[in-house]
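Remarks on the overall topology
Residue-level listing of the chains:
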There are 2 protein chains.
Amino acid sequence: MPPPSDRPLNERTNFLLSQLGFHTAMRFTERLAALDIQPSHFGLLMHLAQGEGRSQQQLAEALGIHRKVMVGLLDDLEQRGLAERRRHPADRRAHAIHLTDAARTLLPQARAIADAEEEDLLTGLSGEQRRQLLGLLQHMAENSGNPQGVHPGLRRNPGSP
Amino acid sequence: MPPPSDRPLNERTNFLLSQLGFHTAMRFTERLAALDIQPSHFGLLMHLAQGEGRSQQQLAEALGIHRKVMVGLLDDLEQRGLAERRRHPADRRAHAIHLTDAARTLLPQARAIADAEEEDLLTGLSGEQRRQLLGLLQHMAENSGNPQGVHPGLRRNPGSP
DNA sequence: TATTGTTATACTCTATAACTATA
DNA sequence: TATAGTTATAGAGTATAACAATA
């Protein structure tokens, strides 16, 4: 077994990923505040834009969170007039979640903020370097065991029954 | 101004960085638990290994945290027999922080855990790809405004007087 | 009996303020 | 008056447990 390396933190890929990941998430959060939403709301809106009418349970599973957390997220979105809980056509226990027109207006603005954040992060890198980086990160993400688009920071309850 | 892109999350560099950064930090935390320390303790031990005898205030500034947080970190390390608060030779208000022999034994084990975590993250990437990735991340880290080796997750108090 | 959504409670982490002993 | 270290307190966020309505 080789001896452990004594590289400084800024020469460790794992540290740099954690540092940069936290940095960009924090800055994205600050920028999204202008729209009065948070990254978790953005992720949920993005998901709803791909298909409305799903139950809270289905949405919670897609985002990798506990259904109790989904209650709070939807409370927030409903309060801001961005989502609606409608009657589920097939299951009277469940709600069918839909976007509002306000959400369809807001979503492009939120996407533009995400684009701007990414652009700031990639400043100084060539198009070729950006493609390389994206490919390497995608490779690692697939290898990590996290489902596509599921952020472990919104984590599922460990002992979910 | 171009329209905002509607790429999915796993095609956004900023999302992938946040996802992978959180993932590796979480897994590193779990692995370090075998040594009964956390990543913030690891960072502090790494820093102390580069030079002992500094004051808590100096250490707090180097790690980018508030001095009040340093109190808790050093309480933890002292309780585990990994650090000592000695009398500061020049300032009777301050402490001079030193590592113990136990810490010098533990630090290589912690480094080995960091190495193992990095190796798992980079599985499947060639040596050339690893060098490319490291260089790209270092470029972005320098561009981000975060001082070298300072993790924004251990963040300084916003309104520090 | 199991599932959907919800609420109440406790627990942990962080932030604000103030205190002491020195300088 | 300012600084090093510390403590007390309150607030935000998260986990545990239990609940009513429906399948």
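Reading the values: the criteria
Residues numbered from 1 in each chain as written. Chains lettered and ligands numbered in written order. Predicted model: local features only at pLDDT ≥ 70, side-chain atom pairs only at ≥ 80, totals over all residues. Heavy atoms only, no water. Near = heavy atom within 4 Å. Polar contact = N/O pair within 3.5 Å; in protein donor to acceptor, adjacent residues only side chain to side chain. Helix = DSSP H or I, 4+ residues; strand = E, 2+ residues; numbered from the N terminus. Least-squares fit on C-alpha atoms with pLDDT ≥ 70 in both. Contact = heavy atoms within 4.5 Å. Salt bridge = Lys/Arg side-chain N within 4 Å of Asp/Glu carboxyl O. Buried < 20%, exposed > 50% of the residue type's maximum accessible area, 1.4 Å probe, protein only. Buried area = accessible area lost by both parts, 1.4 Å probe. Nonpolar A, V, L, I, M, F, W, Y, C, P; charged D, E, K, R; others polar. pLDDT = per-residue confidence, 0-100. Phe/Tyr/Trp six-rings, centres within 6.5 Å; stacked < 30°, edge-to-face > 60°.

**Section: the protein's contact with DNA strand D**
Around DNA strand D sit 16 residues, and of these Lys68 of chain A together with Gln56, Gln57, Arg85 and Arg93 of chain B come closest. For DNA strand D, the backbone portion of the atoms within 4 Å of the protein, that is sugar and phosphate, comes to 67%. Within the backbone of Gln57 of chain B, one N or O atom sits 2.5 Å away from a phosphate oxygen of DNA strand D. Elements supplying a minimum of two residues to the surface near DNA strand D: helix 3 (56–63) and helix 4 (67–79) of chain B. Top element by residues in the surface near DNA strand D is helix 4 of chain B. It accounts for 3 residues.

**Points about the relation of the copies chain B and chain A**
For the pair chain B and chain A, the relating rotation is 180°, the translation along its axis is 0.0 Å, and the fit reaches an RMSD of 0.0 Å. Viewed as a symmetry operation, the transformation between the two copies matches a two-fold axis. Considering only C-alpha atoms, the residue of chain B closest to the rotation axis is Gly21 of chain B, which sits at 2.4 Å. Comparing interface residues between copies, 100% of those in chain B also sit at the interface in chain A, which points to an isologous, same-surface contact.

**Quick notes on the pattern of salt bridges**
Under the defined criterion, the tally for this structure stands at 30 salt bridges over all chains. The partner of Arg85 of chain A in a salt bridge is Glu78 of chain A, and the shortest N-O contact between them spans 2.8 Å. We classify Arg85 of chain A as partly exposed; its relative accessible area is 23%. With its nearest N and O atoms 3.1 Å apart, the salt bridge here joins Asp91 of chain B to Arg93 of chain B. On the basis of relative accessibility, which here comes to 25%, the residue Asp91 of chain B falls in the partly exposed class. Via salt bridges that share partners, Arg7 and Arg12 of chain A together with Asp115 and Glu118 of chain B belong to a single interconnected network.

**Some thoughts on the interface of chain B and chain A**
Counting from both sides, the interface comprises 58 residues of chain B and, opposite them, 59 residues of chain A. When chain B packs against chain A, close to 5600 Å² is buried across both sides, 65% of that on carbon and sulfur atoms. For the interface between chain B and chain A, the tally reads 6 salt bridges. The partner of Arg7 of chain B in a salt bridge is Glu118 of chain A, and the shortest N-O contact between them spans 2.7 Å. Inspection of the region where chain B meets chain A yields 24 residue pairs in polar contact (both at pLDDT 80 or more). If you list the elements that add at least two residues to the side of chain B that touches chain A, you get helix 1 (13–32), helix 2 (39–49), helix 5 (101–122) and helix 6 (127–144) of chain B. If you tally residues by element for the side of chain B that touches chain A, the top one is helix 1 of chain B, at 14 residues. For the side of chain B that touches chain A, the residue count by class is 26 nonpolar, 22 polar and 10 charged.

**Considering the confidence of the model for chain A**
On average, residues of chain A carry a pLDDT of 92, and 96% of them reach 70 or more. Note that pLDDT drops below 50 for residues 156–161 of chain A; the model gives that stretch 7 contacts with residues more than four away or on any other chain.

**With respect to the protein's contact with DNA strand C**
Near DNA strand C lie 15 residues; those nearest to it are Gln56, Gln57 and Arg93 of chain A together with Lys68 and Arg93 of chain B. If you look at DNA strand C and keep only atoms within 4 Å of the protein, 62% of those are sugar or phosphate atoms. For DNA strand C, a base oxygen lies 2.7 Å from a polar atom in the side chain of Arg93 of chain A. Here the element with the most residues in the surface near DNA strand C is helix 4 (residues 67–79) of chain A; it accounts for 3 residues.

**Quick notes on the packing of aromatic side chains**
Residue and element names in this part refer to chain A. Across all of its chains, the model carries 2 aromatic pairs over all chains by this definition. Pairing Phe28 with Phe42 gives two aromatic rings, centres 5.5 Å apart and planes at 80°, and the pair type is edge-to-face. Placement of Phe28 in helix 1 (residues 13–32) and of Phe42 in helix 2 (residues 39–49) is noted, with a sequence separation of 14 residues between them. With a relative accessible area of 11%, Phe28 lands in the buried category. Taking the relative accessible area as the measure of exposure, Phe42 reaches 4% and is therefore buried.

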